[in-house]
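# Inside the fold
One letter stands for each residue in the lines below.
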Amino acid sequence: MGSNIEWATLHIDNLDDLFEEAKHGKKFSKLYYVSQGRKLKFVVDAGSSSSLLKNLILYSNYPSSSSPFDRNHFVPLKPKTEYDGLNDWVVEFSEPIRHSGFFEYYFECLSEGERLISARRSFNVEPQLKRSNQILPAESLVVQTALTKCLGTLEEWPKHFKESAELEYNMIHFTPIQELGFSGSAYSLYDQMSVGSSMFVAKKHGDQVEEEYAPYGYGPKRGVLNPSNLPHKEREQKLKATLDKLEKEMGLLSMTDVVLNHTANNSPWLAEHPEAGYNVNNSPHLRPAVDLDDALMIFSQEVYNGVYNDIPKTGNYSEDQVRHLLHVFKTRVWPLHRMWEYYVVDVNSTLSHFRKHLEASQSFTSEPSLPFNELLHALERGIREDGHCARFSRKLDLNLAFSLLSGTSTNPRTFEASEVESRVQLLKSLLDAYNTPLYEWYDRDSNQIEQNLFHRVNRGPLTLERPLIDNYFTRIVSKSGEKIALANNGWIWNGNPLVNFAGPESRAYYMREVIVWGDCVKLRYGDSPQDSPWLWDHMTKYCEWSAQLFHGLRIDNAHSTPIHVAQTFLDAARRVRPELFVIAELFTGSSELDEHFVASWGINALIREAMSANDSWDLGRYIHRYGGKPVASVSWNTVNLREERVKNSAPLSILIDCTHDNETPVQKRTAADSLSTFGLVSMSVSAIGSTTGYDQIVKSTIDVVKEHRRYSSMRRNPVQNGSSKDANQGEWKGIGKVKQILNKLHAEMALEGYEEVHVHQEEDLINVQRHNPRDHRAVFMVAHCAFNRHSNPLSPYALNVKIPAKITELILGARISVFSDSNTEGDEIRGLDSHLDFTTTDMSLFGDIHESKDPHTGTWMTYLVLKNFHPGSILAFRAEPFPLQKAALGSIRNTLENEANLTAILKNLDLVDLNALLYRCKEEEETVEKSAGVFNVPNFGTLKYGGIASFDWLLEKIRRGNDMGHPFFDQLRQGNWALDYLVDRLTPFPTLSPVQKWLREVFEPVKSIPRFLIPKYFDLVVSKLYRASVTRSLSSMSNLVAFKDSRDPISFPQKLALGSVQLYGRVKNAPLLVGTNKPSLAAGLPHFSSGYMRAWGRDTFISLRGLLLVTGRHAEARDIILTCAGFVRHGLVPNLLDGGQSPRYNARDATWWFLQAVQDYCGLASEGTAILSAKVTRRFPTDNQEEHERNLASATATVENTLSQVIQEILQKHAQGISFREWNAGTRIDAHMRDEGFNIRVYVDWHSNGFVFGGNRWNCGTWMDKMGESAKAGSKGFPATPRDGADVEIIGLLKSTLRWLTSLSKNGDSNLSFKGVNNGTRFITFAEWNDLIQKSFENFFYVPKDPSLDDNYRVSKPHVHRRGMYRDTVGSVEEWADYQLRPNFPVAMAVAPELFDPQHAREALETVEKVLVGPLGMATLDPADFNYEAYYDMSNDSEERRIAKGFNYHQGPEWVWVIGYFLRAKALFSSHNRNTTRHQISKIMLEHKKHIDESPWRGIHELTNKAGSECHFSCPTQAWSLSCLLDTIYDLESKK
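Every chain begins its residue count from 1, and numbering advances along the sequence as written. Two thresholds apply to this predicted model, a pLDDT of at least 70 for residue-level local features and 80 or more for giving and counting side-chain atom pairs, whereas whole-chain, interface and lining totals are computed over all residues. Side-chain numbers come from the whole structure's heavy atoms, not from hydrogens or water.

### Quick word on the overall build of the protein chain
- Strands are runs of DSSP state E lasting at least two residues, helices are runs of H or I lasting at least four, and both sets are numbered from the N terminus onward. Secondary structure summary: the protein chain contains 39 helices and 63 strands in total.
- Classification of the 1536 residues of the protein chain by burial places 59% in the buried group.
- Here a residue-residue contact requires only that any non-hydrogen atoms of the pair lie within 4.5 Å. The contacts of the protein chain with a sequence gap of at least 6 include a subset with a gap of at least 24, amounting to 73%.
- Of the side-chain charges in the protein chain, 170 are positive and 188 negative, and the distance between the mean point of each set is 3 Å. Exposed residues in this analysis have more than 50% of their type's maximum accessible area, buried residues have under 20%, and partly exposed residues fall in between, with area computed by a 1.4 Å probe over protein chains only. The charge count treats Lys and Arg as positive and Asp and Glu as negative. His and the chain ends do not count. In this description, the location of a charge corresponds to atom NZ of lysine, CZ of arginine, CG of aspartate or CD of glutamate.

Next up, the structure:
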């Protein structure tokens, strides 16, 4: 049952969208993971693009094994086999995937001579981390975060991390190892290319910066904590040696942060490269924000200096004082800075310039002619921002103002003083009107700024170091002496991470929306390295250097990092270390955005924090959501296919119990929760992590800015016998002992394949199972959460825990008591004193266990009754199936792995046996004695088939989403009903007894295994049997549909071909021939599944070619042909076959479909025309009913003819004319037909055209055979579509038959003994009849596009409503009906293309495609026709004649079978090359592919309503729908 997947397949379902996206902007990236070692192929479904895929090229920047990665180097990849329009476009990578990272691709194609480039997409390849040459999967990582500045010197690191290694951590996350800025923040880097002094100089408690911090004005602020004189290179070498030692001697990999968004505001290089930050020189839009920041800075100084008597200068303000303080600023200080000047036009300056312009110019004497509002609107168009973003940057075009206000006259002269003044005043009024809304805007902004400042005011003491409000800008003096304000970094609550809040599109700095970090300058990268060359180069070196030293990188402040920036730097880092492991914490607030960042950067794990859970239920969801498949998951690859379709995935995670910069359990929950939360985190199927100090239960967050103490040892140092032990020899502090065991367990579970997880919760008790799907061993963790100090005790019900396995080993039990008043002060970081009750041997300390069978299911269970299980307690143990269950699982595996045995069993079955095994709907099942019908799933519904095809369909849907909560899986867990059903159902089928025995042998042990595993093994059994049965079925068919490789997925043609197994079978009350058990072909399911309604002459012979001949089932086709030939009476093949018992001969077209099927058989079967000499037993040797009944009564001897003779009889009777009244005419055979309708007449017009005519206004003898049924609506007895006259498809079929017979006659085929017919007056050869139709067809049927050509054709102008088409009929009583556009003439085109003028045919097909072709089928009537009604509803009992009781069956609903003939005709007459035509046809068939995949019937509908909408009265699987599509594919394949 193992998987040997070779290929990862990326299906491009939206190629057209990618090209559109390139024009209109990129959407969010989706995440696709490709595993290392797999071969990668890209697949575009045939027809899925509007572009011809022949010209499609894939470009990818994935490098070859011999080339370095370059994101901008894209290599073209073309298919090995040229796209032929029918088979999918496929490109394969030449080598297995070995590079990790994220790689992009795009497509290029030629469309109408233009080169088009698509948007880019990506796929991610996870790195392979190694420790001691062992690959560590990501989910095995156990990461401990350490604040580098708290570690002491490098010489002290090994001692510290030896404890980390002993605690079974396998990776250390170091906060930045660089020299830190003046603030001491771990993320404020003084120099990205430095190694921090704290690693080399012993830090003393209370060390301060060397120079005083000057928060106001411009100053150097160059202080560095604990400087070291050791050269940088030597520092780097010592650091690398220490990291190497951690890896090689302790097995600790390493990771560090990269800080890409900001630098310390005292970074020495800022003075030399101020362009690396946002300042008013490169970001002039920040001028107002700088001015506001200056105003606030001055105000803060003034408050500190006691300038305002009503504001205390000491700080510690109350809420009311803050409001008063801001009111003072807004009313007394803010106006002095005249910030409105950034909004409005400078009226005085503009008027002054305008006045001078008027006084110096000659103009005209008249006044301006436009009204004021129109002048204002015109003036607004002349006001523009000057681009400097300075005060009064809105400028008026004075020339425009002059032209608007100077007036018009034929006598130009100088303005008078009064005229100048009047125009100046008018302009002032206009500018005031323009400025008014801008002043209002300024007022609104001012109010909002005041509100935002309220949340930013320092509520603590006011000092020089801690001003009233944090500065948004750092003031520096550049190397050139220029004073420059650089924007500080920060973040915005609920901000859009894709918008740069320091960029020109944002006003966040001015509006004081940024929660600022005053010690960090925000870095400005621009759009590319050209915008800030030094910064890009510097930060590239920084990332490369980090990757040289560390195995992994954590991207700090990731959600604010521009995507293109991190992308470039991570590429550089991966070039240095290809297997780099990258993590990040995102606060986008959107899973879609998270996925976009992960896909765009190749992030290997997103940080998720258990402390973020709101309650215990939320925490349980974290464990379930962030890693791992559900226990007993079903696999999409149950039958071991070669290919894995790469699907859109959620980002991988690293689940951390508590991150280093957030509140601890002591602060946020309870100290005891440290134990239970970690216990649960350790069970996550993902990388996990913790922060140093969590294990010791530190009281509060170790502050990344203010903390200067060192970590203490993680071990206690107990005093024994009067002396101290070495700290490394003491017991672990806090929960260290638990961490040691569970950290090791976590890594082992990942390495050993415990990849499934199940979370069950009762109250605050969470039970997590990690499960190994290969041997079903499990690890359980039971944890009592301690979210608050006043938790309710667990109820007796919660304390009784059911374990569906045998407990084999106690891993540990633990509960903790923490002394919250213990002293944690001092020079070292210490945790709270605690006592850990701990055992690895005595389960009884935490609970009692007993084993027994579950009274409801009879399955063995272990019952664990917890005791003394206080909040924070955990219990972990190993379990495995009980001995009998292990034996049962072994038996199941042996059966399933013995594929040869199952193959041998199925080899003895024929396709009719397989019909019973795979399919049979409810109505078919009910014909079997003691049938249980079809299976019902509570809360889901009844399956469509009794056979395993329906079960596999349902399981396939469940597999897609691994929907373990599906109602069917619930039913399987609760009882054995489905297992027993599948076994017992086969009892009535003796030939299936070996399969029944196989199922019984495999299902009996399945019943014995743990109930939670039964869905998985039921799926394995059913999918194995279904796939083997399908393989057996297709192996009996033609090469067109047989598997080329047994591990290939089932293709669309194969799914269509399985319709022949689905619909051809034995049904007791519906044999092909009464008195026998001959299988018959159902017209459709379920409506035509049993009894006399099952088999129809027309449907059978339309379907014969695709379902039986094309699939190679020639013996079955032969039997149907010869049996039904025996039913011929009156020269007609019956419509309703009824096994030859009481057939109806009311179809004029069934006979011609029969003859077409005989022709197709002779062309496709190896027997060829020899079948024409085969004997046919005549069921009706006479056309006379009385004589027939006498013959039956007297047991008259059987009459036999050759098939050739029967064919001749058919043609002869048509040639001489057929006229009879149906046997048993009346309500006995038709409850709705009027009496006149039972009169059948068919004849040939030998004088004009040789066409076969027939029918009358009271019957409907073609496939459009709806008879009105509603007395209320007045339609009863009225055919909806009589189509009397010569029907276009019948003429096509007649012509096809005559062409074929003419050829046989000409070639002297010995199996054809007739040369023609006698029409009553003379003998007509088949060739003469053929030629007569050929000469007449276009003249009678074509309706020219150009009305001026009507005289060349038999056209009745008053009835023509659409041109460039072929008439539906000729000679109808209702002449207008001849000219209705219907989908019938493409049938004639497909079988007799020689009848049609090629150009006319192309134009007519274009019309049909435009007007009638729908998503699945073809509208049966022109939507422009008065009678068009597109929604078929048999339940409609209204008085609306056109739709009552489904009268519109063929008056608009879209039938599927005819689209097959349309596509064949399109292929024959297309003016395009072969591949283009096939591509167009494949595009139309895409919907059919989707439909058959989704259909619970595994079929194609009979018809749909308008635009492909579902029709509930349609057969959901129809023989001719499947057949005609398969016909199309066969024709296209055979004409390559």
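Additional details are given in the paragraphs that follow.
### Points about the sheet that holds strand S60 (residues 1418–1419)
- Strand order across the open sheet formed by three strands is S60-S61-S62, with antiparallel pairing between neighbours. Both outer strands of the open sheet, S60 and strand S62 (1503–1504), are each paired with one neighbouring strand and no more.
- One bridge is not enough; two strands pair if DSSP finds at least two bridges between them. Here strand S61 (residues 1454–1455) runs beside S62; their pairing, made up of two bridges, is antiparallel. Of the residues in S62, the one forming a bridge with Trp1455 is Leu1503.

### What to know about helix H23 (residues 967–974)
- The set of residues buried in H23 consists of Phe968, Phe969, Gln971 and Leu972. Here the buried residues of H23 occupy an arc of 155° about the axis, which is enough to place them on one side.
- Elements that come into contact with the buried residues of H23 comprise strand S44 (936–937), helix H22 (948–961), helix H24 (977–984) and helix H26 (1014–1035). Regarding the arc, it is the one traced by the directions from the helix axis to the C-beta atoms.

### As for the pattern of salt bridges
- Take a side-chain nitrogen of Lys or Arg and a carboxyl oxygen of Asp or Glu: if they are within 4 Å of each other, that pair is a salt bridge. Counted according to the given criterion, the structure contains 105 salt bridges.
- With a closest N to O distance of 2.5 Å, Asp445 and Arg507 form a salt bridge. Remark: Arg507 occurs in the loop between strand S22 (483–491) and strand S23 (515–522) and Asp445 occurs in helix H9 (residues 417–454); sequence separation between them is 62 residues.
- Of the charged contacts, one joins Arg554 and Asp556 as a salt bridge, the two residues approaching to 3.5 Å between their closest N and O atoms. Take Arg554 and Asp556: they sit in the same class, and that class is buried.

### So, the packing of aromatic side chains
- Any two of the Phe, Tyr and Trp rings considered here, Trp counted by its six-membered ring, make a pair once their centres fall within 6.5 Å; the pair's planes then place it as stacked at under 30 degrees, edge-to-face at over 60, or tilted in between. Enumeration according to the criterion identifies 78 aromatic pairs in this entry.
- Look at Trp536 and Phe569: their rings are 5.5 Å apart centre to centre, the planes differ by 55°, and that puts the pair in the tilted class. Pair noted here: Trp536 is in helix H10 (residues 533–549) and Phe569 is in helix H11 (residues 563–576), with a separation of 33 residues, a long-range link.
- On the accessibility criterion, Trp536 (4% relative accessible area) is buried.
- When its relative accessible area of 1% is taken as the criterion, Phe569 is described as buried.
- Plain terms: the ring middles of Phe1337 and Tyr1366 are 6.0 Å apart, the flat faces sit at 25° to each other, and that makes the pair stacked. Of this pair, Phe1337 sits in helix H34 (residues 1326–1341) while Tyr1366 is found in strand S58 (residues 1365–1366), placing the two residues 29 residues apart along the sequence.
- Assessed through its relative accessible area of 0%, Phe1337 is described here as buried.

### Thoughts on the nonpolar core
- Counting 205 residues, the largest nonpolar core has Phe968, Phe1018, Leu1203, Trp1329 and Trp1457 as the members making the most contacts within it.
- In terms of residue count, H26 provides more of this core than any other element does, eleven residues in total.
- Here Phe968 is in contact with Phe935, Val937, Phe951, Leu954, Leu955, Ile958, Ala978 and Phe1018, once residues within four sequence places are set aside.
- Buried Ala, Val, Leu, Ile, Met, Phe, Trp, Tyr and Cys residues that are joined via side-chain atoms within 4.5 Å together make up what is termed a nonpolar core. In this structure, Leu535, Cys658, Val698 and Ile766 belong to the second largest nonpolar core, which totals 120 residues.

### Re H24
- Those residues of H24 lying buried are Ala978, Leu979, Tyr981, Leu982 and Val983.
- Residues of H24 that are buried make contact with helix H21 (922–925), H22, H23, helix H25 (993–1006) and H26.

### Notes on the sheet that holds strand S37 (residues 800–803)
- The three strands are arranged S37-S42-S41 in an open sheet whose pairing can be described as antiparallel. Of all the strands in the sheet, just S37 and strand S41 (847–853) have a single pairing partner and so form its edges. Geometrically, the sheet is characterised by an average inter-axis angle of 25° between neighbouring strands, direction not taken into account.
- Pairing geometry for S41 and strand S42 (residues 860–866), over seven bridges, is antiparallel. What sits directly across from Ile849, in S42, is Leu864. Simply put, an axis is a line fit to the C-alpha atoms, just over the touching stretch for a helix, and the angle between two N-to-C directions goes from 0 to 180 degrees.

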